[in-house]
Amino acid sequence: MNKTLSRMILSFSILVFVWNCKSKETKEVPQTKDTENEVILEFTKAKEGFLSESLFQVAVSSVLPSESERTEEAKTIAEQKSLNLLKTYTIPNLSEKGRKELRDISKEGKIVDKNVSVGGRYFFLYQIQKSNLKRLVTKDLE
């Protein structure tokens, strides 16, 4: 009787062990992770700088809870990021008038592609569109 009981316990233990191993192998990874990674990759790899002679773009994100707060934060960050990036295209010794004009240009943009959310982080593209913008920034500022 003891041998039979021992064999049954051993068989049951092996069965449980095999069952646990098999169930771990067959679990599927949720598809949302791949989609989330693609969206993050799209925004982190979004081209920043001049897309054309008249279009300039930067990518930013926010984690704030409300849509209005996110959009406002994204715009503020994007304006500063645009200004810093635009400075890299200008002449080295920009006058005060030129710096003011550059600050004004950086504030002329608009948020596009808003409300793309991945894991609580919202991604935005900020674009400045102005005729001959690239020439203005690279050559015409004092």
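This report concerns the structure included in the present document. (Residues numbered from 1 in each chain as written. Predicted model: local features only at pLDDT ≥ 70, side-chain atom pairs only at ≥ 80, totals over all residues. Heavy atoms only, no water.)

**Section: the overall build of the chain**
Next up, step 1: Counting secondary structure elements, the chain contains five helices and four strands.
Next up, step 2: Seen in sequence order, the chain has helices and strands lined up from the N terminus as α-α-β-β-α-α-β-β-α.
Next up, step 3: Counting the 142 residues in the chain, one finds 27% classified as buried.
Next up, step 4: Within the chain, counting contacts between residues at least 6 apart in sequence, those at least 24 apart form 62% of the total. (Helix = DSSP H or I, 4+ residues; strand = E, 2+ residues; numbered from the N terminus. Buried < 20%, exposed > 50% of the residue type's maximum accessible area, 1.4 Å probe, protein only. Contact = heavy atoms within 4.5 Å.)

**A word on the packing of aromatic side chains**
Next up, step 1: Applying the stated criterion to the full structure yields three aromatic pairs.
Next up, step 2: Ring centres of Phe50 and Phe56 lie 5.0 Å apart, and the angle between their planes is 70 degrees; this geometry places the pair in the edge-to-face category.
Next up, step 3: Of the residues examined, Phe50 reaches a relative accessible area of 7% and is grouped as buried.
Next up, step 4: Pairing Phe50 with Tyr89 gives two aromatic rings, centres 4.8 Å apart and planes at 80 degrees, and the pair type is edge-to-face. One end of the pair, Phe50, is in strand 1 (residues 49-52); the other, Tyr89, is in the loop between helix 3 (67-87) and helix 4 (96-106), with 39 residues separating them in the sequence. (Phe/Tyr/Trp six-rings, centres within 6.5 Å; stacked < 30°, edge-to-face > 60°.)

**A look at the environment of Glu69**
Next up, step 1: Counting through the fold element by element, Glu69 comes out in helix 3.
Next up, step 2: Under the relative-accessibility criterion, Glu69 is labelled partly exposed at 40%.
Next up, step 3: At 3.1 Å, the side chain of Glu69 and the side chain of Ser66 are in polar contact. (Polar contact = N/O pair within 3.5 Å; in protein donor to acceptor, adjacent residues only side chain to side chain.)

**Notes on helix 3**
Next up, step 1: If you check helix 3, its first and last C-alpha atoms are 30 Å apart, about what 21 residues at 1.5 Å a residue would give, namely 30 Å.
Next up, step 2: The set of residues buried in helix 3 consists of Arg70, Thr71, Ala74, Ala78, Glu79, Ser82, Leu83 and Leu86. (Expected span 1.5 Å × (residues − 1).)

**A few points about the pattern of salt bridges**
Side chains carrying opposite charge are able to pair once their charged atoms draw close together.
Next up, step 1: Here the structure, examined in full by the defined rule, presents seven salt bridges.
Next up, step 2: We note a salt bridge from Lys75 to Glu79, for which the minimum N-O separation is 3.0 Å. Taken together, the residues Lys75 and Glu79, both in helix 3 and four residues apart, mark about one turn of the helix.
Next up, step 3: The salt bridge involving Arg103 is made with Glu96; its shortest N-O contact spans 3.6 Å.
Next up, step 4: Relative accessible area serves as the criterion here: at 34%, Arg103 is assigned to the partly exposed category.
Next up, step 5: A single salt-bridge network, built from bridges that share partners, covers Glu96, Arg99 and Arg103. (Salt bridge = Lys/Arg side-chain N within 4 Å of Asp/Glu carboxyl O.)

**Let's talk about the nonpolar core**
Next up, step 1: The biggest cluster of nonpolar side chains holds 20 residues, and the ones touching the most others in it are Phe56, Leu86, Leu102, Ile105, Ile128, Leu133 and Val137.
Next up, step 2: Beyond its immediate stretch of four places on either side in the chain, Val137 contacts Phe50, Leu86, Tyr89, Thr90, Leu102 and Ile105. (Core = buried A, V, L, I, M, F, W, Y, C linked by side-chain atoms within 4.5 Å.)

Scope: geometric values only; no functional claims are made or implied.
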